[in-house]
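Okay, here's what each chain looks like letter by letter:
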Amino acid sequence: MVTVVTHPLVQHKLSLMRDERTGVKEFRELAAEVSLLLAYEAMRDLETEPHPLNTPLVSGDFPMLTGKKLALVAILRAGLIMTDAIVQLVPAAKVGHIGLYRDPQSLQPVAYYNKLPADIAERRVFLTDPMLATGGSASAAISSLQAAGATSIKLMSILAAPEGIAVIERDHPEVEIVVAAIDSHLNDHGYIVPGLGDAGDRIYGTK
Ligand SMILES: O=P(O)(O)OC[C@H]1O[C@H](OP(=O)(O)OP(=O)(O)O)[C@H](O)[C@@H]1O
Ligand SMILES: O=c1cc[nH]c(=O)[nH]1
Ligand SMILES: [Mg+2]
């Protein structure tokens, strides 16, 4: 299942991210803002339970989060900008990191780091990577989350290519995907078109 967050605020901020004139500082700020808005949608189905408390005026039962605890997991590097933003909304969430880079020739993901909360199997996992291109990185990250015992996983990306969505639907049909937009296609180098370029380089200023 794929949710595209078509809210005008998200679309406006995404267009600013696409603009090649947008510099590192503004790109980072926009990526964080879009991540918060995606999280608002991705976390729409969190469970709540009435909780007794006293307001200054009356006693009553009021909704508070319940159910499984949360884990945010970033695919390094670029996913960090998303978890760093989203953890502000859910400060009790644990945060995991999966280090993957995409080999520029083969476009296959290469794993270099993995550190997940020990109780990941008991948590709802929100996996973040701004770019879902061929889908190889996200699919590999989902497989390593599942190998660690995670059963409830949502993938959050800012931008996706149809090819990447198809790979996740094929490899991990149980994983819901939340994105701000699905672009036209991948170019010969595996970049999303029209896209926004290399997300990691634009966030960290490495090009
Ligand atoms: O869907 P895929 O084809 O696997 O491509 C997407 C991956 O490519 C980018 O990472 P990159 O390899 O550039 O690493 P970085 O985040 O460290 O820059 C991006 O952040 C994704 O992780
Ligand atoms: O368009 C793309 C594809 C993969 N990784 C990126 O950062 N951008
Ligand atoms: Mg990169």
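Once a new chain begins, its residue numbering starts again from 1 and follows that chain's sequence as written. Chains carry letters and ligands carry numbers; both start at the beginning, A for chains and 1 for ligands, and go up in the order they are written. Only residues with pLDDT of 70 or above have their local features reported here, since the model is predicted, and side-chain atom pairs are shown and tallied only from 80 upward, although totals for entire chains, interfaces and linings are computed over all residues. Neither water nor hydrogens contribute to the side-chain values; these are computed over all heavy atoms in the structure.

1. Quick notes on the site of ligand 2
Thinking step 1. Taken together, Arg102, Met131, Ala133, Gly190, Tyr191, Ile192, Gly197, Asp198 and Ala199 make up the full set of residues near ligand 2.
Thinking step 2. Measuring from an oxygen atom of ligand 2, one finds a backbone N or O atom of Ile192 at 2.8 Å.
Thinking step 3. Computed by Shrake-Rupley with a 1.4 Å probe, the accessible areas treat only the displayed protein chains as cover when residues are assessed. Considering ligand 2 on its own, with 240 Å² of exposed area, one finds that the protein chains cover 88% of that surface.
Thinking step 4. Residues of the shell around ligand 2, tallied by class, amount to five nonpolar, two polar and two charged. If even one non-hydrogen atom of a residue comes within 4 Å of a molecule or strand, that residue is called near it. For the purposes of these results, a polar contact is taken to be a pair of N or O atoms within 3.5 Å, where, inside protein, one atom must be able to donate a hydrogen and its partner to accept one; residues adjacent in sequence count only when each atom of the pair is a side-chain atom. In this classification, Asp, Glu, Lys and Arg are treated as charged, Ala, Val, Leu, Ile, Met, Phe, Trp, Tyr, Cys and Pro as nonpolar, and every other residue, Gly included, as polar.

2. Brief notes about the pattern of salt bridges
Thinking step 1. Every case where a carboxyl oxygen of Asp or Glu lies within 4 Å of a side-chain nitrogen of Lys or Arg is listed as a salt bridge. Taken as a whole and assessed by the stated rule, the structure comprises twelve salt bridges.
Thinking step 2. Of the charged contacts in the structure, one is a salt bridge between Lys13 and Glu33, with a shortest N-O distance of 2.8 Å. In this pair, Lys13 sits in helix H1 (residues 8–18) while Glu33 sits in helix H2 (residues 24–42), placing the two residues 20 residues apart along the sequence.
Thinking step 3. For every residue, the accessible area (1.4 Å probe, protein chains only) is compared with the maximum for its type, and the residue is labelled buried under 20%, exposed over 50%, or partly exposed between those bounds. Taking relative accessible area as the criterion, Lys13 reaches 19% and is therefore assigned buried.
Thinking step 4. The class of Glu33 is partly exposed, set by a relative accessible area of 32%.
Thinking step 5. Taken together, the salt bridges that share partners define one network made up of Asp45, Arg124, Lys154 and Glu176. A helix here means a DSSP run of H or I that spans at least four residues, while a strand means a run of E at least two residues long, and both kinds are numbered starting from the N terminus.

3. Let's talk about the nonpolar core
Thinking step 1. The term nonpolar core refers to a set of buried residues drawn from Ala, Val, Leu, Ile, Met, Phe, Trp, Tyr and Cys, joined through side-chain atoms within 4.5 Å. If you look at the biggest cluster of nonpolar residues, it comprises 36 residues, and the most contacted ones within it are Leu38 and Ile158.
Thinking step 2. Those elements that provide at least two residues to this core are H1, H2, strand E4 (69–76), helix H3 (79–86), strand E9 (152–160), strand E10 (176–182) and helix H6 (199–204).
Thinking step 3. The biggest single contributor to this core is H2, with seven residues.
Thinking step 4. Sequence-distant contacts of Ile158, defined by excluding residues within four places in its chain, comprise Leu14, Met17, Ala31, Val34, Ser35, Leu38, Met82, Asp129, Pro130, Val179, Ala180 and Ala181.
Thinking step 5. Ile98, Leu100, Leu145 and Ala160 belong to the second-largest nonpolar core, a separate cluster that totals 23 residues. Pairs of residues are marked as contacts when any of their non-hydrogen atoms sit within 4.5 Å.

4. Here's the deal with the site of ligand 1
Thinking step 1. As a structural note, the neighbourhood of ligand 1 is formed by 15 residues, with Arg77, Arg102, Asp129, Thr134 and Ser137 the closest of them.
Thinking step 2. In the environment of ligand 1, an oxygen atom lies 2.9 Å from a nitrogen or oxygen atom belonging to the backbone of Ala133.
Thinking step 3. For ligand 1, an oxygen atom lies 2.9 Å from a polar atom in the backbone of Gly135.
Thinking step 4. Burial of ligand 1 by the protein amounts to 90% of the accessible area it has alone, namely 500 Å².

5. Here's the deal with the UniProt feature "binding site: uracil" (unreviewed entry) in the protein
Thinking step 1. UniProt positions are given in the numbering used here, feature names are shortened, and annotations may be inferred rather than shown by experiment. Sites flagged by UniProt as "binding site: uracil" (unreviewed entry) map to Ile192, Gly197, Asp198 and Ala199.
Thinking step 2. Among the secondary structure elements, Ile192 is positioned in strand E12 (residues 192–193).
Thinking step 3. Ile192 has contacts with Met131, Leu132, Ala133, Leu159, Ala160, Ala161, Asp183, His185 and Leu186, leaving out every residue within four places of it along the chain.
Thinking step 4. With respect to the helices and strands, the residue Asp198 is situated in the loop between E12 and H6.
Thinking step 5. Residue Asp198 is classed as partly exposed on the basis of its relative accessible area of 26%.
Thinking step 6. A distance of 3.1 Å separates the side chain of Asp198 from the side chain of Tyr191, its partner in a polar contact.

6. What to know about the UniProt feature "domain: Phosphoribosyltransferase" (unreviewed entry) in the protein
Thinking step 1. Within the UniProt annotation, "domain: Phosphoribosyltransferase" (unreviewed entry) is assigned to residues 4–206.
Thinking step 2. Taken end to end, residues 4–206 has its terminal C-alpha atoms 29 Å apart, with 33% of it in helix and 33% in strand.

7. Structural notes on the pairing of E10
Thinking step 1. Extensive coverage of E10 is indicated by the burial of five of its seven residues.
Thinking step 2. Note that strand E1 (residues 2–4) and E10 share three bridges and pair parallel. The residue bridging Val2 from the neighbouring strand is Ile177, located in E10.
Thinking step 3. Sheet topology places E9 next to E10; six bridges connect them, and they run parallel. Across the sheet, the residue bridging to Ala160 is Ile182, located in E10.
Thinking step 4. One crossover worth recording links E9 to the parallel E10 by way of helix H5 (residues 162–171), and it is right-handed. Strands are labelled as partners when DSSP assigns at least two bridges between them. When the strands point away from the viewer and the connection leading from the first strand across the helix to the second strand turns clockwise, the crossover is called right-handed.

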